[in-house]
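Observations on chain architecture
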Amino acid sequence: MNTTPLLEMKNLTKEFKVGGLLFGAKLRAVENANLLFEQEKSKIVTLAGESGSGKTTLGRIILGILKPTTGKVLYKGRDIYSLKRKEKKKFMKEVQPIFQNPFESFNFLRRIDNYLIDTALNFKIANNREEAIKIISEALNIVKLRFKEIKDKYVHEVSGGQAQRAAIARALITNPSLLIADEPVSMVDASLRMSILNIFLELKKKKMSILYITHDLATAYYISDEIAIMLRGNIVEYGRTREVLSNPLHPYTQMLIECIPKPDPKKRWVKKIKLSDLEVKEYGMLGCKFADRCPNSTTKCREKPPPEMDVKGRTIKCWLYE
Amino acid sequence: MEARSIYIKRFRVILKRNLSLMISFITLTAIFILGFVLSFFSPYDPRRWGTVPSDLPPSWTYLFGTNSLGQDIFWLLTWALRNSLILGFIASLAGLSIGIILGVIAGYKGGLIERIILFFADTFIMMPTLPILILVSSRIKGTLNMFILGLIIASLTWGMPVRNIRSMILSLREREFTYTALFSGSSFIKILFKEYFPHLLPWILASVMGRTLFAIGMEVTLAIFGLSTLNEATLGTMIYWANKYQAMFRGLWWWIGFPVIFILILLISLYLLSSGINEHLNPRSIRGQR
Amino acid sequence: MRPLIQAHDLKAYYVVRSLLDEEIYIRAVDGINISLNNSEILGIAGESGCGKSSLIKVLSGLIQPPLKVFGGKIIYNIGKKSFDLLSLDEETLRKMRWEIFSYIPQGSMSVLNPTMRIRNHFFEIIKAHKRDMEKEEANKLIENHIRELGLPAEVLTSYPHQLSGGMRQRVVIALSTILKPKIIFADEPITALDVITQRGVMQMLLEVQKKLHNSIILVTHDMGVHAEITDRVAILYAGKIVEVGLTNDIYEKPAHPYTHYLLKSLPQIGDETKKISIEGLPPPLDNPPEGCRFHPRCPLATRKCKEEEPQLKKIDRDHFVACHFSGEMR
């Protein structure tokens, strides 16, 4: 068995310059993120966070679309920015993306099936168009879509659910080992959402790992093995999903779970919560980014950012657990 | 090209609905026929002086009349239209080709290359076209012909397309379908032609029209001041000679009238077609029908 | 007590032209009977494309082409007066907006003017309806209102882009309640907001309702939100109401197969059961199925369902369902 991890993210940090030339400040969208996917040991990891948490930025860095300021993404031990063209193609064959908005994932001036055929031909999965169509049909079968539903169709001629399923099928054609899925079901009808998530569970059984980026903790609970909670660029809690969500340790995780509206009128919210006023303010804070809103915060929390700590088998960034 | 069938379908619907587009399309087609079909059937070289009796008003024999130099204005006009259109296309397409190639490179590659390209492009954008043209043509008046003039105009106006194409490429590069195409294994060239080109096409078409309009206008301006090749048949030189022989004062309205009318028709049609194309082939209006 | 709003057989369609120039009717609101009582929060639930946004637009008088009303009445009973909203002219409607009822749209930025400070937004609304109010008085009204709703005072001097998405949405709620309207229409006010901010905004809506004793119609696809704050909820499918009743009843004893599946397909933390989704897709609104619109996807469908459209029938004190097999899902 191969012990080199399939994909490893080491100390990833991404800074953006905000504001003008003279007075611009640095915004750390991602700070020291670490993640690991093994070869042949498939798992579904959720990268959970609110909007502005940096999860989409991290997803893009992992895909190689966005270059990190510091830190490395290692594909089978090699920095993806050091890969030559052929090796980069091998990387893309094994790591495929699924994006949130199916109407943006496809160029509305191109037919959808062409993307799938391109994928099959470009990665030499098929040698000609007929073979490609056969292989595509197999991939479409997994997502319960028939070829004729997308044949010669433009993305605005099909429904959102069909388009997203086509996008997923396209990602499956190269038989990847890792799928990076950024909010894959948030723009899909409730009717279809669970069937797509059930497909993800099936894919995991077939040895495919998935990085599931979302803000929806309920669906995360449903499908993922491990979960990373992101707050303003930091992974503040990381561990097995069942444990983290049933027994959250970080105050932010606790607040997140508390705020999920439960579809049970008998268990309504009782407490009142306080909201933060300005997002950007939190990014610029020196210590723990949650200090302003945390019921347990101390001066230490405001001044020094907490390091990663191992608590009960999880990784947490919180001074409470020192 | 994959988007062709959408374009053709919409084209027919648009023509039916938009009157100005339809009219400009018809008039431009008429001018094309005059310039590139009929002009080859002229019974004589209309530039030669004294081929027909002079100063005759429009009649069935001489459709647009004749001028004091003994030239048949109708046939002269067909040659003039041909030359103006050739000039327009050379100036427009040559400049556009350079502009597009450099704009694509600047937009996609970024970094130092982008800055170098933009530096040169901006320099040329700032150059005032007409004064330079006047300067150049006053020196090489004798050897100036449509091709050379076209190339000169192209070399002065390639800057703006660079900026426009670059900004379009910059925004296309961040669209999610670019990433989908990347992970479908497509190379940069494939992405450029399969993904981006259909988006750029409306702008390119409109730009061709607009730049042609500009070039023709430049030539007319130069010629009126006597700075073009005065023995060639062009719209501008026809006006030059008409003025030189004081056609208006002598009541020979057809000599100056017809070139002017045709210039107006040509310029207005080009403008209407270009803005009409821009408006209707805007991808958003295709999508808006959903 | 008469209901605040009562809509009878309301029909509103979008009239659009296809790519090839044919006229199509998209039947977003197709024969809706619904009422809003005093001092209640009514939820309108359904997936995207079921017509819920269109319904709330029509109920609040925001009918603009290509949306057109094709039939029905919307009776408003405000105080002692009764009138059909659809019979009013634009001028009367304009006077009623913000004062009698207000509308909170899906995106906060479509209400806020990026070039005006928040305080001026309030001034504009007050000026348009209470022309003779002095600036001093208006300022006091605004400041009190902001404070009561728990918003920080700095918000008034800020421009919209300086505020976070959640704060902007709360500002929009404050704007829409400054003149103490009797009815608030909220169209997906919390989508695209963080879970924590969502909670804050919903909290605010609840407080507003408690303080002003008014009624809110809340449109959202999020079944959790309906469970948390609504008193009654109506389930929409393909332009029709398939079930409506007290929130407790709907969640405990859903009577329509669609409601049943909608609730069963929701994942929850701590829930280990496998979730299933309904086969198929919601039908296109320009060409809905004959008979019951849900029959192509319903496990209980029979020939009757294909031929005859079920009407809303009362099955309990305040519980109505449109299904030939009402009661059999329990």
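Now for a quick tour of the structure. Every value quoted in this text rests on a predicted model; they were computed, and no experiment measured them. (Residues numbered from 1 in each chain as written. Chains lettered and ligands numbered in written order. Predicted model: local features only at pLDDT ≥ 70, side-chain atom pairs only at ≥ 80, totals over all residues.)

**Some thoughts on the overall build of chain C**
Summing up its helical and strand segments, chain C has 10 helices and 12 strands in all. Its C-alpha atoms give chain C a radius of gyration of 21 Å, within 12% of the compact-globule value 20 Å for 330 residues. Across the 330 residues in chain C, those meeting the buried criterion constitute 45%. The contacts of chain C with a sequence gap of at least 6 include a subset with a gap of at least 24, amounting to 67%. (Helix = DSSP H or I, 4+ residues; strand = E, 2+ residues; numbered from the N terminus. Rg over C-alpha atoms; globule rule 2.2 N^0.38 Å. Buried ≥ 20, exposed ≤ 12 C-beta atoms within 10 Å, placed from the backbone. Contact = placed C-beta atoms within 7 Å.)

**Points about the environment of Ile 75 of chain C**
Residues and elements named next belong to chain C. Counting through the fold element by element, Ile 75 comes out in strand 4 (residues 67-78). A residue is classified by how many C-beta atoms lie within 10 Å of it, and Ile 75, with 17 of them, is partly exposed. Remark: the alpha-carbon pair of Ile 75 and Ala 7, spanning 68 residues in sequence, is separated by 6.1 Å. Among all residues touching Ile 75, those that are not within four sequence positions of it are Gln 6, Ser 82 and Asp 84.

**Digging into the interface of chain C and chain A**
Between chain C and chain A, the residue contacts involve 37 residues of the former and 37 residues of the latter. The set of elements that each furnish at least two residues to the side of chain C that touches chain A consists of helix 5 (165-177), helix 6 (195-212), helix 7 (223-229), helix 8 (247-252) and helix 9 (257-264) of chain C. For the side of chain C that touches chain A, the leading source of residues is helix 6 of chain C, giving 6 residues. Broken down by class, the residue content of the side of chain C that touches chain A amounts to 17 nonpolar, 14 polar and 6 charged. (Nonpolar A, V, L, I, M, F, W, Y, C, P; charged D, E, K, R; others polar.)

**As for the sheet that holds strand 3 (residues 44-49) of chain A**
By way of backbone hydrogen bonds, the strands of a sheet pair with one another, either parallel or antiparallel. Residues and elements named next belong to chain A. Here we have 8 strands laid out as an open sheet, ordered 6-7-8-3-9-10-12-11, and mixed in their pairing. For this open sheet the edge positions go to strand 6 (95-98) and strand 11 (309-311), each flanked by a neighbour on one side alone. Put simply, the sheet's adjacent strands are angled 20° from each other on average, direction ignored. Both strand 7 (residues 178-182) and strand 8 (residues 209-214) contribute to a ladder of 5 bridges, which runs parallel. From the neighbouring strand, Ala 181 faces strand 8, where its bridge partner is Tyr 212. Running at roughly 150° to strand 7, helix 1 (residues 55-63) makes contact with strand 3, strand 6, strand 7, strand 8 and strand 9 (226-231) of the sheet. (Pairing = 2+ DSSP bridges. Axes fitted to C-alpha atoms, helices over the stretch in contact; angles between N-to-C directions.)

**Concerning unusual backbone geometry**
Residue Pro 66 of chain C is reached from Pro 65 of chain C by a cis peptide bond, and omega for that bond is 5°. Along the polypeptide, Pro 66 of chain C turns up in the loop between helix 1 (52-59) and strand 4. Of note, the phi angle at Glu 40 of chain A is positive, near 65°, even though the residue is not glycine. Assignment of secondary structure puts Glu 40 of chain A in the loop between strand 2 (25-37) and strand 3. Of the residues examined, Glu 40 of chain A has 11 C-beta atoms within 10 Å and is grouped as exposed.

**Things to note about the packing of helix 3 (residues 73-109) of chain B against helix 6 (residues 146-157) of chain B**
All names here are of chain B. For the pair helix 3 and helix 6, the least separation of the axes is 8 Å and the interaxial angle reads 35°. Considering how the two elements wind past one another, helix 3 and helix 6 form a crossing that is right-handed. Contacts between helix 3 and helix 6 pair Asn 83, Ile 86, Leu 87, Ile 90, Ala 91, Ala 94 and Gly 95 from the former with Met 146, Phe 147, Leu 149, Gly 150, Leu 151, Ile 153, Ala 154 and Thr 157 from the latter. (Left-handed = near helix turned anticlockwise from the far one by under 90°.)

**A closer look at the sheet that holds strand 5 (residues 78-79) of chain A**
Residue and element names in this part refer to chain A. Read from one edge of the open sheet, 4 strands run 2-1-4-5, paired in antiparallel fashion. Each edge of the sheet is formed by a strand with only one pairing partner; in this case those strands are strand 2 and strand 5. As defined by bridge partners, strand 1 (residues 7-18) adjoins strand 4 (residues 70-75) across 5 bridges and the pair is classed as antiparallel. Bridge pairing in strand 4 places Leu 7 opposite Tyr 75.

**Observations concerning the environment of Pro 68 of chain A**
All names here are of chain A. Relative to the helices and strands, Pro 68 is located in the loop between helix 1 and strand 4. By C-beta crowding, Pro 68 is classed as buried, having 22 other C-beta atoms within 10 Å. Put simply, Pro 68 and Val 95 are 27 residues apart on the chain and 18 Å apart in space, counted from C-alpha to C-alpha. Apart from the residues within four sequence positions on either side, Pro 68 is in contact with Leu 12, Thr 13, Lys 14 and Ile 61.

**Thoughts on the environment of Lys 134 of chain A**
As for its placement among the helices and strands, Lys 134 of chain A is situated in helix 5 (residues 129-142). Here the alpha-carbon distance between Lys 134 of chain A and Asn 175 of chain A, two residues 41 residues apart in the chain, equals 15 Å.

**Some points on helix 1 of chain C**
Residue and element names in this part refer to chain C. Among the 8 residues of helix 1, 7 are classified as buried, and the element is accordingly described as predominantly covered. If you check which residues of helix 1 are buried, you get Lys 52, Ser 54, Leu 55, Ile 56, Lys 57, Val 58 and Leu 59. Positive phi shows up at Gly 61, right after helix 1, with a value of about 80°.

**Overview of helix 8 (residues 176-183) of chain B**
Of all the residues in helix 8 of chain B, the buried ones are Phe 177, Thr 180, Ala 181, Leu 182 and Phe 183 of chain B. Looking at the buried side of helix 8 of chain B, the elements it contacts are helix 2 (85-94), strand 6, helix 3 (102-105) and helix 4 (112-122) of chain A together with helix 9 (188-224) of chain B. Positive phi shows up at Gly 185 of chain B, right after helix 8 of chain B, with a value of about 90°.

**Some words on the nonpolar core**
Residues Ala 169, Leu 211, Tyr 212, Ala 228 and Ile 229 of chain A are the most contacted members of the largest nonpolar core, which totals 162 residues. No other element matches the 15 residues that helix 3 of chain B contributes to this core. Residues within four places of Tyr 212 of chain A in sequence aside, it is in contact with Ile 44, Val 45, Thr 46, Ala 181, Ala 220, Ile 223 and Ser 224 of chain A. Core analysis: the next-biggest nonpolar cluster, separate from the first, contains 89 residues, Leu 151, Val 171, Ile 235 and Ile 278 of chain C among them. (Core = buried A, V, L, I, M, F, W, Y, C linked by C-beta atoms within 7 Å.)

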